[in-house]
Amino acid sequence: MNKEIERDTVKIPSVEANKGLHIEEPLIFEQGSTDRSGVDLPKISERPDQLGNLKRKNQIGLPGLSEPETVRHYTRLSRNNYAIDIGLYPLGSCTMKHNPRLNEVVARLPGFSDIHPLQPPSTVQGAMALIKELEEWLTMLTGFPTIALSPAAGAQGELCGLMVIRSYLERQGNPRKTVLVADSAHGTNPATAAMCGYETKSIPSNASGTLDLQALKSRLDNEVAAVMLTNPNTCGLFEAQILDISNAVHNSGAFLYCDGANFNAIVGKVKPADLGIDIMHLNLHKTFSTPHGGGGPGAGPVAMTSALAPYAPLPWIEHSTSGYTLTEHLGNHAQQSFGRMRAWHGQMGMFVRALSYLISHGGDGLRQVAEDAVLNANYIRQGLHKHYSMPYPGTCMHEVLCDEQSLKPVGLKTLDVAKALIDKGFHPMTIYFPLIVSGAMLIEPTETETKKTLDQFIDAMITIADHSSPENIAALERAPIHTPRRRLDETKAAREPILRWSPNNKIET
Amino acid sequence: MPEAKYTKDHEWIRLEAGREEAERTGIVGITNFAQEQLGDIVFVELPEVGITVKKGDESATIESVKAASEFFTPVSGEIININDAIIDDPGLINSDPLEVGWFFSIKLSDPSELANLMDETTYESFVNSLR
Amino acid sequence: MRYLPHTKRDRELMMAKIGIKDINELFNNIPKSALSSFAKTLPSHSGELEVTRHLQSLANINLAASDVPSFLGGGAYRHHIPATVDSLIQRGEFLTSYTPYQPEISQGTLQAVFEFQTQVALLTGMELANASMYDGSTACAEAVLMAGRITKRKNVILSGGLHPFYCDVVETLAQFSQLNIEKSRPEAPTRGHHDTVTLEKRINSETACVVVQYPDFFGLIRDFSQLGDQCKKAGALLVIVFNEPVALAALKSPGEMGADIVVGEGQSLGVGLNFGGPYVGLFATKTRYLRQTPGRIAGQTEDLDGKRGWVLTLNAREQHIRREKATSNICTNSGLCALAFSIHLSLLGEKGLSHLATLNHEAALSTAEKLGNIDGIEVLNESYFNEFTVRLPKPAGPLVETLAQKRILAGIPIRRLYPDREDFDNLLLVNATETVNSSDINLLAESISEELS
């Protein structure tokens, strides 16, 4: 794959494809060239190298663009994206709240952004102080004394949680064999349990959409290491029997793991440690506003009881009379840690942003966050319940769940509702999740949306639901029509995978 | 065409005609209901020829755009032949799940297992109860 | 509070609509015993000025690499990131957008991911790459697990040249799998030392993969082609790991050496040091292993009008569909960091990247020369890209600490990463990128010289 980029054989989109402010933009491989660059560098001195006779002899084939071309290319691409900065993302369980700009400024302070993870600890005491301060806030909010900050994302946080539990149990002599997972759980839960060497068994939900306590009790035995649940759960409901659940789990010698994806509903109102939970992860990119960045990076710190603390992953950052210390290896101090989950200390850039968010809100602001998030979701519930069937009617927490029952007689599918919303300027809600509800639509507005936006969303949803004529249905099945691309052929993408550009890829205008 | 038998997991088996009792072989696949539920199938992984499987073993994997599913062997036996056509064109499973979209053929080690499977009428009522 | 738009009136209207008088009626399901007003005991909200003041005071305590000569490498590298990169990734459409699950309104992200995947495949000399992983170390662990799935074998051999923290991560993340991780004893890169020969001897019919680093942790560059052949003969996979992607521009590609999976850290380009995170894991492999590849992947397709576009594809590998049978539990990738990497690489292009690589190597050549001229110091590597190991006549740890107090970040005492190796006490890992100039190098040499006399 080391050929020259064959630009001349490829057709670049013509200006006829442009539509006003929307400009068709080819790939960098279709416009750049190997001899162009947007960077000026000092002269090289042509000394003999010491590359061990492995100096590269051929071209890589990477295109380069001048700075103006680069700016245009990516600016044009960005205009094909929806974003929180543009409008509402009512994605259930994602908590797409406003990303404060102050967080971006403080994360870029050179004292945080330009320090190397292996600098002598004496030169980065301020960074370690920040990490401990974030831990203190998370302790105050969750009630857990120990926070492991290194997991890179929620899924890694879950893995951390299960590894801590397994390490504890192994030390007792028996790691046990199974993890019970709520049937409404996110796919990361069973995937994580499998990575930890556990078999997963499902606990059904009851008719009210919460965990079936009796079913849980009947499945608890001395082979269950942990029970994983989300609270509030993925149906948007608070597990009211949480104290009974945790008692039952503890009585069988197992641990209760809480997936903290929905923490936004209860932050500042209740501490999960007071609900009998033993260990949980938090998503800094959900509750704590760090930006989603088109797919990441996230951060998934894990909060745990003092019984589990000795097993927390490396490194440990601690405060002593001589300042902040970093423990990077298993040894006399961190004997029982289950190991290191990643090369460095954690997602420092996200820590700075999250701490900025926490200090900005304070305790009063955070409580208001939960109250407004829950208020907004119930306001939407009130506005939609006559038009969309809801499997679990009644008060919800920060997200409201609809299903496709009311759509069926009209001939609509959940997917069509989602695509129709796009044409109206909204990102769709979460669809087809949780799996226990047919054609699920999980709507989470978050607290940073105005009443006006909520009213507009409700109106849009009602308009879509009330389309009962065949012509309107047919139109909805073709949605979206106003976007730069219409429905894309996902079957073709999977059956004939083209996962990179290569000189043979031709495009048509 | 001999009658097919069905499992609760929406697999079918059809015995090949004209064989003696001791040499019963059948071909297997997934039902129309299964392919509807899965949506457009993009990939299928079939077992190796020559291996022995037990009834209920996960012996093939089917992937669609939005889902993945395991294929559980309806009967025990030895895999004789696999259908390369569906590897090259998984869409055949969607367009013709009962004939062209067959998965593999198997030499039955215990033909009495067939008695526990559903016949066509029973399977159809079963599917109707799910819809 | 500036991020919460509702006025008192808004809330009243909304509560009236719902039919409640007090917001706490919506929190009735929380056990009364657990509900508490603890939030009142926390500090109350702060304006931007106070927040900035506080965080600035913490930042000021740290010694930033932008302020002092810095020769730190060891898995994270300081390069100049062009102003355009940070400016573009701060566009709200990139910064505040979600995972591109609704492709019609995410073509910006998806096209950028497709370009990124291509760049990574080209750079590593492999057939395909995914949309990125958390970082190089977790990408390495995922590669090991993948090799286990593909070969259905249990033994994994980690070279002594693999970054010690990467070794730790592989061991940690694989500890509950069926895999048996065999580490190797690392040796300082004295002339004539080649551990690839011993690695080859350990490959057998139970080996799932051999994992090597290029250049290795000590900076040494070795040809793995023969190792690749031996792996192939034995049916094992060759996993090549890199910490410094700029090195790949100067060297023969891992793909050409017969790698089955190439993984590494992309932080050098676009991302910055950030005290260790967020970073971006690069993951590249062969088409035949596609279905066992973890992580998100973007693929090209057409829309209803026949126009080219992109979607996340082959989702059936992933956790949200496959659940406990998924290739990995990974959900997030490192989206914005991957974008930054891609933008930086687009700005550099072939010409710029190649030039940058040469500048890096020359900076290291100059630094090695200056240090080698000091009495008592020996540069151990016979080959290196932008970092190398020196042996000092006394322990490196205290020397580095002293120089740090003098505002020079002189290198990494290798013993820090190998606490059990007393014989590494005098070894220092020195890195030099295009960000150090001749006066920095002179200052480093003079300061070390002073400390040694």
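Residues numbered from 1 in each chain as written. Chains lettered and ligands numbered in written order. Predicted model: local features only at pLDDT ≥ 70, side-chain atom pairs only at ≥ 80, totals over all residues.

Participant: I would appreciate a short explanation of unusual backbone geometry in the present structure.
Facilitator: Working note: non-glycine residues mostly have negative phi, and peptide bonds are mostly trans. All names here are of chain A. A cis amide bond, omega 0 degrees, links phenylalanine 433 with the succeeding residue proline 434. One can find proline 434 in the loop between β11 (430-431) and β12 (441-443). Look at arginine 176: it is not a glycine, yet its phi comes out positive at around 70 degrees. Among the secondary structure elements, arginine 176 is positioned in the loop between α5 (154-172) and β2 (178-182). Classification of arginine 176 by C-beta neighbours within 10 Å gives buried; the count is 21. (Helix = DSSP H or I, 4+ residues; strand = E, 2+ residues; numbered from the N terminus. Buried ≥ 20, exposed ≤ 12 C-beta atoms within 10 Å, placed from the backbone.)

Participant: How should I be thinking about helix α9 (residues 348-384) of chain A in this particular structure?
Facilitator: Note: α-helices contain 3.6 residues per turn, so residues at a spacing of three or four share the same orientation. In a regular helix each residue adds 1.5 Å, so 37 residues correspond to 54 Å; α9(A) covers only 41 Å between its end C-alpha atoms and thus falls short of that length. Of all the bends in α9(A), the greatest measures close to 95 degrees and is centred on A:Gly362. (Expected span 1.5 Å × (residues − 1). Bend = angle between axes of the 7 residues up to and from the residue.)

Participant: Any chance you could explain helix α10 (residues 414-423) of chain A here in plain terms?
Facilitator: Within α10(A), burial applies to A:Asp416, A:Val417, A:Ala418, A:Lys419, A:Ala420 and A:Leu421. Directly beyond the C-terminal end of α10(A), a positive phi value near 90 degrees is found at A:Gly425.

Participant: I tried to follow the packing of helix α12 (residues 335-372) of chain C against helix α14 (residues 438-452) of chain C on my own but got confused; where do I start?
Facilitator: For any two helices packed against each other, the geometry comes down to the angle between their axes and how far apart the axes lie. Residues and elements named next belong to chain C. Following both chains from N to C, one finds α12 and α14 inclined at 25 degrees, their axes separated by 10 Å at the closest point. With respect to α14, the axis of α12 lies roughly parallel. Handedness of the crossing formed by α12 with α14: right-handed. Side by side, α12 and α14 meet where Ser366, Thr367, Lys370 and Leu371 of the first sit next to Ser438, Ile441, Ala445 and Ile448 of the second. (Axes fitted to C-alpha atoms, helices over the stretch in contact; angles between N-to-C directions. Parallel < 35°, antiparallel > 145°, perpendicular 65-115°, else oblique. Left-handed = near helix turned anticlockwise from the far one by under 90°. Contact = placed C-beta atoms within 7 Å.)

Participant: I keep staring at the interface of chain C and chain A and nothing clicks. Help me out?
Facilitator: In many reports, interface size means the accessible area that the parts give up when they come together. Taken together, the 167 residues of chain C in the interface contact 173 residues of chain A. The biggest single contributor to the side of chain C that touches chain A is α12(C), with 21 residues.

Participant: Before we go on, may I ask you to explain the pairing of strand β13 (residues 427-431) of chain C in this structure?
Facilitator: Looking down a regular strand, the side chains alternate between one sheet face and the other. Residues and elements named next belong to chain C. Counting buried positions along β13 gives five out of five residues, so the element sits mostly inside the fold. Residues Leu427, Leu429 and Asn431 line one face of β13 and the alternating positions Leu428 and Val430 line the opposite face, and both faces are buried. Across five bridges, the pairing between strand β11 (residues 387-391) and β13 is antiparallel. Bridge pairing in β13 links glutamate 387 to asparagine 431. Alignment of strand β12 (residues 412-413) against β13, held across two bridges, turns out to be antiparallel. Bridge pairing links proline 413 to leucine 428 in β13. (Pairing = 2+ DSSP bridges.)

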